[in-house]
Amino acid sequence: MSTRTLRAHFDGEQVCLDEPAQLEPGTRLIITVLPGRILDNGDEDWSLLSLEGLAGAYGKDEPEYPTELIKELNPNYEGR
């Protein structure tokens, strides 16, 4: 399945897709929470473009990189 951006909303109990989509069980998703109010000055278009770029950065076969591959530790990282 190719990476794509789908619009959705939270109804207070679960995330609901705003458009029909065929998703296989176990499909991996990235959810980005947008601000409650998006201004009508093109911000929504930029947000959607950014989301598409983010989705395109991660392929379906993206490997999980172990921490052992880190060559130089960041002393400012808090280890979240």
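Residues numbered from 1 in each chain as written. Predicted model: local features only at pLDDT ≥ 70, side-chain atom pairs only at ≥ 80, totals over all residues. Heavy atoms only, no water.

1. Some points on the overall build of the protein chain
Phase 1: Across its full length, the protein chain holds 1 helix and 2 strands.
Phase 2: In the protein chain, the order of α-helices and β-strands from amino to carboxyl end is β-β-α.
Phase 3: A buried classification covers 5% of the 80 residues belonging to the protein chain.
Phase 4: Sequence-distant contacts in the protein chain: of pairs separated by 6 or more residues, those separated by 24 or more amount to 34%.
Phase 5: Roughly 7800 Å² of accessible area belongs to the protein chain as shown, and the carbon and sulfur atoms make up 52% of that amount. (Helix = DSSP H or I, 4+ residues; strand = E, 2+ residues; numbered from the N terminus. Buried < 20%, exposed > 50% of the residue type's maximum accessible area, 1.4 Å probe, protein only. Contact = heavy atoms within 4.5 Å. Areas by Shrake-Rupley, 256 points an atom, 1.4 Å probe, with all protein chains shown as cover.)

2. Side note on the layout of surface pockets
Phase 1: In this structure, the largest pocket spans a volume of roughly 1300 Å³.
Phase 2: Those elements giving two or more residues to the lining of the largest pocket turn out to be strand S1 (8–10), strand S2 (15–17) and helix H1 (43–57).
Phase 3: Its residues assigned to classes, the lining of the largest pocket shows 20 nonpolar, 8 polar and 8 charged. (1 Å grid on protein atoms, 1.4 Å probe; cavity = no way out; pocket = protein on both sides within 12 Å on 5 of 7 lines; lining within 4 Å. Points joined across faces, edges and corners; volume = space filled by probe spheres on them. Nonpolar A, V, L, I, M, F, W, Y, C, P; charged D, E, K, R; others polar.)

3. Topic: a nonpolar patch on the surface
Phase 1: Residues Phe10, Val15, Leu17, Leu23, Leu29, Ile31 and Val33 make up a contiguous nonpolar surface patch of roughly 730 Å² in combined accessible area.
Phase 2: Along the polypeptide, Val15 turns up in strand S2. (Patch = residues over 30% accessible without salt bridge, like charges linked within 9 Å, V, L, I, M, F, W, Y side chains within 5 Å. Salt bridge = Lys/Arg side-chain N within 4 Å of Asp/Glu carboxyl O.)

4. A closer look at the confidence of the model for the protein chain
Phase 1: For the protein chain, per-residue confidence averages 80 on the pLDDT scale, and 86% of positions sit at 70 or higher.
Phase 2: S2 holds the highest mean pLDDT among the elements of the protein chain, 92, whereas H1 holds the lowest, 77. (pLDDT = per-residue confidence, 0-100.)

5. Observations regarding the environment of Ile31
Phase 1: For Ile31, the location among the structural elements is in the loop between S2 and H1.
Phase 2: The spatial distance from the C-alpha of Ile31 to the C-alpha of Leu6 is 9.8 Å, given a sequence separation of 25 residues.

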